[in-house]
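What follows is the residue order along each chain.
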Amino acid sequence: MIIPKLAVRNLLGAGLRTWLNVVVLSLAFVLIIWTQGLYEGVYAQAERASVDIALGGGQYWQEKYDPLDILSLEDAHAVVPDSLRSMVDAAQAAPILVVQGTLYPKGRIHPVLIKGIDPNQKMLSLPSQFLKTGEDRFPALIGSRMAKSTGLAVGDTVTLRWRDAKGAFDARDVEIVQVIKTIVQGVDQGQIWIPLDRLRAWAGMEGEASLVVVARDAPGRPQVSGWVFRDLDFLLSDMRQLVQMKSAGATVFYVVLILLAMLAIFDSQVLSIFRRRKEMGTLMALGFTRGRVIRLFTMEGALHGVLAALVAALYGIPFLTWFARNGWAMPEGMDSYGLAIGEKIFPVYGAGLVAATTLLVLLVTTIVSYLPTRKIAGLKPTDALRGRMS
Amino acid sequence: MESSYLIETRDLVKTYSLGEHTIKALNKVNLQFAKGEFTGLVGPSGSGKTTLLNIIGSLDSPTSGSAVVMGRKVEDLSHNQAAALRNRHIGFIFQTFNLLPVYTVFENVEFPLLLLDYSSSERRKMTLAALDWVGLADRAQSKPAQLSGGQSQRVAIARAVVKKPAILLADEPTANLDAENSHHILRTMERLNRELETTFIFATHDEKVIGYLRRKITLFDGAVAGDERMQPRRPAGEGK
């Protein structure tokens with residue numbers, strides 16, 4: 001027990017030098033947890049929003065449906081089978097028909113995916129109720145990104161052209177009844193939403209759909225001939241890969257922060273050993289073994305990490321909690337970041353993140369404290385007493 | 001071969017390599033020290049005083065020959081065994097005091113006892129007693145930086161004697177002190193030698209120290225040039 005006691009005594013006795021190191025290290029602690037929390041938050045927010053507005057509890061895709069292959073859409077539709085229809089009737093599923101089309105905003109040509117959705121569905125958070133209008137109007141919803149890129153606004157009328165099931169082109173002037181504000185690009189960019197029955201009628205695809213979104217609480221996912229069930233793992237895999245890619249960038253930042261903090265500790269240890277070699281000689285003269293000297297100085301260094309964790313907890317917990325509650329307002333144009341980012345990011349700090357960061361910092365602090373201290377093992381007591389490095 | 005002396009050196013040789021040159025710091029030194037001696041190693045700089053002190057203190061080992069301290073051959077000791085010997089039986093007093101700067105006076109003096117696993121109450125009692133011997137009980141909570149040179153050396157003495165070692169090695173203990181403080185320190189050491197029967201060995205070329213010695217060993221170029229028993233002479237006005 002003598003080594004920890006002496007290490008604490010030395011550490012506290014060193015005063016300002018100790019506290020400077022501790023503050024730098026605690027900043028690294030808090031910054032690492034904060035930045036990682038932001039990434040976790042962005043991902044959690046994006047996943048939640050995607051599930052709420054588009055993915056539900058998974059989707060049945062018509063077997064030829066491939067959202068990444070526009071040319072496949074012409075054949076990627078079929079009558080909703082009875083087993084899925086009963087789920088739709090029980091408000092446990094929402095069919096969506098996807099047809100390729102062209103929009104002509106202000107005389108420009110804009111290729112779009114026309115998506116038909118039931119205006120009465122409540123399963124997805126998409127505001128489809130705006131599509132409930134009289135028979136004399138042809139309502140359409142677009143997202144805010146789509147509105148920006150086409151220059152359309154609520155109340156505007158725009159020509160929409162499509163190709164029906166028999167290959168004939170047809171067109172209508174549709175009225176933009178609402179602009180959806182969503183962080184999910186998958187329901188926004190390059191898409192226009194119209195009532196499902198209208199699209200079915202215009203395209204000659206009565207009773208058909210390209211995909212059927214299933215409610216999260218729907219019991220069971222039956223096998224349906226000609227349809228393939230895609231679960232959330234599949235549907236979110238692209239997003240997860242993107243997050244992983246972005247996380248790699250964050251990890252570089254993480255490593256740089258750790259390295260900076262460790263450099264401070266390493267420098268401080270090297271300086272300390274250089275300055276205190278006479279003290280080491282005195283300790284040896286008083287009966288300290290080399291092993292004890294190494295343990296003492298390593299523990300002194302490692303205790304910086306422990307103190308830093310305590311100091312980081314002192315100001316970090318209120319700071320991180322405040323951020324988690326109030327979020328971090330994002331500037332406009334963050335869409336280009338590639339992820340669905342809301343107006344505010346709410347960081348998420350998992351217990352694993354905090355524990356892993358703490359363990360990592362403590363481990364690395366101990367190692368960088370040990371490395372310079374190990375040199376003492378080769379120092380002769382007489383040289384140390386003279387203040388020399390052998 | 002058992003030695004009846006507390007310390008005995010036999011044909012002790014210590015050489016150092018300095019580039020291509022070899023320097024002989026000690027050259028066939030044969031000496032014996034009995035319990036309770038108050039002995040000085042005197043001689044000019046480079047005569048081998050500190051080297052001999054370091055070997056006796058098991059801080060260094062001889063190149064050849066033998067140094068037997070408390071019945072143990074220094075040259076055969078492992079690092080840990082040497083540390084244990086210093087810890088239990090040898091106290092050091094340095095020219096520059098070598099107090100641990102972040103500790104208080106009390107903690108500095110208490111330090112050797114921590115290594116010897118004394119209980120907290122025993123440590124406190126022994127530490128205060130040692131500080132009392134050197135007249136610094138009232139400065140127990142001071143930091144070394146707040147002490148004068150004489151007070152610092154007295155703290156160093158208290159730290160060296162607190163565990164009541166058999167041997168106390170002092171390397172130029174008065175070199176950084178003025179005359180008054182030097183005599184104060186020497187009288188303190190003389191009293192400790194008398195009361196505790198601690199064997200004192202000094203490395204010095206200070207005439208003030210030599211005046212207190214009962215045995216003077218003169219070293220020259222690493223060899224013993226003289227070994228004489230002395231009657232301690234006190235400077236005028238320096239009484240008992």
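Preceding block: the structure.
In this text, all values refer to a predicted model and were calculated from it rather than measured experimentally.

Undergrad: Looking at this structure, I do not really get the overall build of chain A. What am I missing?
TA: What chain A contains, in helices and strands, is eleven helices and 13 strands. The proportion of buried residues among the 390 residues of chain A is 40%. Here the analysis covers contacts within chain A between residues at least 6 apart in sequence; of these, 80% occur between residues at least 24 apart.

Undergrad: Looking at this structure, how should I read helix α5 (residues 149-161) of chain B?
TA: Given 3.6 residues to a turn, an α-helix orients residues that are three or four positions apart in the same direction. All names here are of chain B. Over its 13 residues, α5 runs 18 Å from end to end, which matches the ideal 18 Å to within 8%, given 1.5 Å per residue. Across the 13 residues that make up α5, a large majority, eleven, are buried. Those residues of α5 that sit buried are Gln151, Ser152, Gln153, Arg154, Val155, Ala156, Ile157, Ala158, Arg159, Ala160 and Val161. Buried positions along α5 lie against β6 (90-93), α3 (105-115), α4 (120-133), β7 (167-171) and α6 (179-196).

Undergrad: When you look at the environment of Ser144(A) in this model, what are you seeing that I'm missing?
TA: Residue and element names in this part refer to chain A. Topologically, serine 144 is positioned in helix α4 (residues 144-150). In the structure, serine 144 is positioned 45 residues away from glutamine 189 in sequence and 8.2 Å away in space, judged by C-alpha atoms. Other than its neighbours up to four places away in sequence, serine 144 contacts Val179, Ile180, Lys181 and Asp188.

Undergrad: Mind showing me how you'd approach the sheet that holds strand β3 (residues 38-42) of chain B here?
TA: Strand pairing in a sheet relies on backbone hydrogen bonds, with the paired strands running either antiparallel or parallel. Residues and elements named next belong to chain B. Strand order in the open sheet formed by six strands is β6-β7-β8-β3-β9-β10, with mixed pairing between adjacent strands. The two strands at the open ends of the sheet, each matched to only one other strand, are β6 and β10 (223-229). In this sheet, neighbouring strand axes are inclined to one another by 15 degrees on average, regardless of whether the strands run parallel or antiparallel. Looking at chain direction, β3 and strand β9 (residues 215-220) are connected through four bridges and run parallel. The partner of glycine 40 across the bridge, within β9, is lysine 216.

Undergrad: Honestly, the interface of chain B and chain A in this entry has me stumped. Any pointers?
TA: The extent of an interface is frequently quoted as the accessible surface area lost upon association of the parts. Counting residues at the interface gives 18 residues for chain B and 17 residues for chain A. Of all elements in the fold, only α2 (79-89) and α3 of chain B reach the threshold of two or more residues within the side of chain B that touches chain A. For the side of chain B that touches chain A, the element with the highest residue contribution is α2(B), accounting for six residues. Residue composition of the side of chain B that touches chain A, grouped by class: eleven nonpolar, five polar and two charged.

Undergrad: Got a minute to help me understand unusual backbone geometry in this structure?
TA: Despite not being glycine, Lys106(A) shows a phi value in the positive range, around 50 degrees. Its identity as a non-glycine residue notwithstanding, Asn98(B) has a phi of 50 degrees, on the positive side. Along the polypeptide, Asn98(B) turns up in the loop between β6 and α3.

Undergrad: Just checking my understanding: could you explain α3(B) for this structure?
TA: By the criterion of burial, α3(B) is predominantly enclosed, with ten of the eleven residues buried. Turning to α3(B), its buried residues are Val105(B), Phe106(B), Glu107(B), Asn108(B), Val109(B), Glu110(B), Phe111(B), Pro112(B), Leu113(B) and Leu115(B). Buried-residue contacts for α3(B) involve α1 (2-13) of chain A together with α2, α4 and α5 of chain B.

Undergrad: What is the right way to read the sheet that holds strand β5 (residues 72-73) of chain B from this model?
TA: All names here are of chain B. Spatial ordering of the open sheet is given by β2-β1-β4-β5, a layout of four strands whose pairing is antiparallel. The sheet terminates laterally at β2 (21-33) and β5, the two strands that pair on one side only. Examined bridge by bridge, strand β4 (residues 64-69) and β5 share two bridges and lie antiparallel to one another. Counterpart to valine 68 in the pairing with β5 is lysine 73.

Undergrad: Would you take a moment to explain the packing of helix α2 (residues 16-55) of chain A against helix α9 (residues 290-326) of chain A for this structure?
TA: Each pair of packed helices can be summarised by the angle the axes make with each other and by the distance between the axes. All names here are of chain A. Running from N to C, α2 and α9 point in directions that differ by 40 degrees, and their axes come no closer than 8 Å. Considered as vectors, α2 and α9 are oriented oblique to each other. Judged by the sense of rotation from one axis to the other, the crossing of α2 with α9 is right-handed. Listed contacts from α9 to Asn21, Val22, Val23, Leu25, Ser26, Phe29, Val30, Ile33, Trp34 and Gly37 of α2 are His304, Gly305, Leu307, Ala308, Ala309, Val311, Ala312, Gly316, Phe319, Leu320 and Phe323.

Undergrad: What is the right way to read the pairing of strand β4 (residues 110-117) of chain A from this model?
TA: Strand residues, when the strand is regular, have side chains that alternate between the two faces of the sheet. Residues and elements named next belong to chain A. Sheet topology note: the strand β3 (residues 93-104)/β4 ladder contains eight bridges and is antiparallel. Paired with glutamine 100 across the bridge in β4 is leucine 113. Here β3 folds back onto β4, and the loop between the two strands holds five residues, one of which, lysine 106, carries a positive phi near 50 degrees. Pairing analysis gives five bridges linking β4 to strand β8 (residues 191-195), with the strands arranged parallel. Note that in β8 the partner of glycine 116 across the bridge is isoleucine 194.

Analysis parameters
- The residue numbering used here restarts from 1 in each chain and proceeds along that chain's sequence as written.
- Here the convention is simple: chains get letters from A, ligands get numbers from 1, in the order in which they are written.
- This being a predicted model, a pLDDT of at least 70 is required before a residue's local features are given, and a value of 80 or more before pairs of side-chain atoms are given or counted; all residues contribute to the totals for chains, interfaces and linings.
- Secondary structure elements are defined from DSSP: runs of H or I of at least 4 residues count as helices, runs of E of at least 2 residues count as strands, and each element is numbered from the N terminus.
- Between the buried cut of 20 or more and the exposed cut of 12 or fewer other C-beta atoms within 10 Å of a residue's own C-beta lies the partly exposed class, and all C-beta atoms are placed from the backbone.
- Whether two residues are in contact depends on their C-beta atoms, placed from the backbone: they are in contact if these lie within 7 Å.
- A helix's residues, less one, multiplied by 1.5 Å, set its expected span.
- Only strands joined by at least two bridges in the DSSP assignment are considered to pair.
- Note on geometry: axes are C-alpha line fits, over the in-contact stretch for helices, and angles between N-to-C directions span 0 to 180 degrees.
- Residues are grouped as follows: nonpolar covers Ala, Val, Leu, Ile, Met, Phe, Trp, Tyr, Cys and Pro; charged covers Asp, Glu, Lys and Arg; every other residue, Gly included, is treated as polar.
- Roughly parallel means an angle under 35 degrees; roughly antiparallel, over 145; roughly perpendicular, 65 to 115; everything else is oblique.
- Left-handed describes a crossing in which the near helix is turned anticlockwise from the far one by less than a right angle; the clockwise case is right-handed.

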